[in-house]
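Okay, here's what each chain looks like letter by letter:
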Amino acid sequence: VIIGSFCLKQEERAFISSVRLIRTTERELTAEIEVSSDEEREGRLRITSEALKEAADVTLQLPQGKRIFRLEHLKLSEKFAEWDLSDGNQYEFTFSLDGHEKTELAGFRDLIVDSSGRLLLNGRRIFIRAESDFSVFPETGHEPMDYDGWKNRLSAYRKYGANAVRFVAHCPPEKAFQAADDLGMLLFAELSAADGPVLDSDASVRYYETELKQILETYGNHPSFGFLSFGDRIVYEEAGLLRAQDLLSRARRYNPSVLVYTGHK
């Protein structure tokens, strides 16, 4: 059974397959652009957005296959505004490669835990009031795949005072993040639940590492994506816990804007 979208897409001979936008300092961004090309060629890349002080325009030497190009020190404009709770500031970025365009909607905020253990959003202490979502949908058998369905569900949580939602032992679909972005709500995603010790075998490590990386890659540009756990009340043996700590360090380096934790009991 397939829910959501499933399609085959024909692309140009050289095209942008994915982009990541990372806020590296208060006034600068870094863009990581994955480009796929059928042969070695020269390409002209241009990035435009109202969030940027000026457009970025560079010439790339494209190899055959896939390669990630990293553009640093993209200056934010004076009118740039941070994403915040109840204030879903976002900006559209257009990436153009020799006529092929890809747009990405992104917002930026600073979510950290300070030295005293307090949670700070954009330098301000916040208190999380979260609802737990167990993905129980008896009428349809699955959670919504459309934007309106998620906006209605998250808006109902908000009416009861919630400013965040924890998705127990699963990660919601794209439309949930889009709705939360617009509403100004934080989401907690989790990797799959597991019976027994986790990360105790090579197969388990490959599965969790792949799922973790794909979730961070797919949803990393959403400002509502605030937290990611390895699962719900996970049990680790000694070797599994060491692997989890290594995986945790790599995940935090890969996407420092998401607070990742092991879900250890």
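Our subject is the structure listed above.
Worth saying up front: this structure is predicted, and the values here are computed from it rather than measured.

(A) The side chain of Ser 224, seen in detail. Mapped onto the fold, Ser 224 is located in the loop between α3 (202–219) and β14 (225–229). Exposure remark for Ser 224: the relative accessible area of 0% places this residue in the buried category. Side chain to side chain, Ser 224 and Asp 181 meet in a polar contact 2.7 Å long. Excluding anything up to four places from it in sequence, Ser 224 contacts Trp 83, Phe 177, Ala 180, Asp 181, Met 185, Leu 186 and Leu 187.

(B) Local environment of the environment of Leu 52. With respect to the secondary-structure elements, Leu 52 resides in the loop between β3 (41–48) and β4 (56–62). C-alpha separation for the pair Leu 52 and Lys 75, spaced 23 residues apart in sequence, amounts to 5.8 Å. Excluding residues within four positions of it along the chain, Leu 52 makes contact with Leu 29, Ile 47, Leu 74, Lys 75, Leu 76, Ser 77 and Phe 93.

(C) How the structure looks around the layout of surface pockets. Each pocket or cavity is described by its volume, and for the largest pocket that value is around 600 Å³. Lining the largest pocket are 23 residues, and of these Ser 18, Val 19, Glu 104, Glu 217 and Thr 218 sit closest to its centre. Its residues assigned to classes, the lining of the largest pocket comprises five nonpolar, eight polar and 10 charged. Lining the second largest pocket are 26 residues, with Ile 22, Arg 23, Arg 109, Pro 256 and Ser 257 sitting closest to its centre. Of all elements in the fold, only β1 (14–25), β8 (111–113) and α3 reach the threshold of two or more residues within the lining of the second largest pocket. In terms of residue count, the dominant contributor to the lining of the second largest pocket is β1 (seven residues). Partitioned by chemical class, the residues of the lining of the second largest pocket number 11 nonpolar, eight polar and seven charged.

(D) Just the packing of aromatic side chains, in detail. Taken as a whole and assessed by the stated rule, the structure comprises eight aromatic pairs. Relative to Tyr 219, the ring of Phe 177 has its centre 4.4 Å away and its plane inclined at 20°; by these criteria the two rings are stacked. Remark: Tyr 219 occurs in helix α3 and Phe 177 occurs in helix α2 (residues 174–183); sequence separation between them is 42 residues. Pair check on accessibility: Phe 177 and Tyr 219 agree, each one buried. Between Phe 177 and Phe 225 the ring centres are 5.4 Å apart and the planes differ by 65°, which places this aromatic pair in the edge-to-face class.

(E) Region of interest: the nonpolar core. Judged by nonpolar contacts, the single largest core of 34 residues is most densely connected at Leu 154, Leu 212, Phe 225, Leu 228 and Phe 230. Those elements giving two or more residues to this core turn out to be α1 (147–159), β12 (164–167), α2, β13 (186–190), α3, β14 and α4 (238–254). Residues contacting Phe 230, with those up to four places away along its chain left out, are Leu 191, Ser 192, Tyr 208, Leu 212, Tyr 236, Ala 244, Leu 247, Leu 248, Val 260, Tyr 261, Thr 262 and Gly 263. One finds Ile 16, Leu 29, Leu 52 and Leu 60 within the second-largest nonpolar core, a separate group that totals 26 residues.

(F) Local environment of the sheet that holds strand β15 (residues 259–261). Across the sheet, which stays open at both edges, the five strands sit in the order β11-β12-β13-β14-β15 with parallel pairing between neighbours. Across the chains shown, the open sheet's two edge strands, defined by having one partner strand only, are β11 (130–133) and β15. The average angle at which neighbouring strand axes cross in this sheet is 15°, direction not considered.

(G) Spotlight on the environment of Lys 213. Structurally, the position occupied by Lys 213 is in helix α3. Residue Lys 213 is classed as partly exposed on the basis of its relative accessible area of 41%. Lys 213 sits 38 residues away from Ala 251 along the chain, and the two C-alpha atoms are 7.4 Å apart.

Rules of the game
Residues numbered from 1 in each chain as written. Predicted model: local features only at pLDDT ≥ 70, side-chain atom pairs only at ≥ 80, totals over all residues. Heavy atoms only, no water. Helix = DSSP H or I, 4+ residues; strand = E, 2+ residues; numbered from the N terminus. Buried < 20%, exposed > 50% of the residue type's maximum accessible area, 1.4 Å probe, protein only. Polar contact = N/O pair within 3.5 Å; in protein donor to acceptor, adjacent residues only side chain to side chain. Contact = heavy atoms within 4.5 Å. 1 Å grid on protein atoms, 1.4 Å probe; cavity = no way out; pocket = protein on both sides within 12 Å on 5 of 7 lines; lining within 4 Å. Points joined across faces, edges and corners; volume = space filled by probe spheres on them. Nonpolar A, V, L, I, M, F, W, Y, C, P; charged D, E, K, R; others polar. Phe/Tyr/Trp six-rings, centres within 6.5 Å; stacked < 30°, edge-to-face > 60°. Core = buried A, V, L, I, M, F, W, Y, C linked by side-chain atoms within 4.5 Å. Pairing = 2+ DSSP bridges. Axes fitted to C-alpha atoms, helices over the stretch in contact; angles between N-to-C directions.

Function cannot be inferred from these measures alone, as they are strictly geometric.
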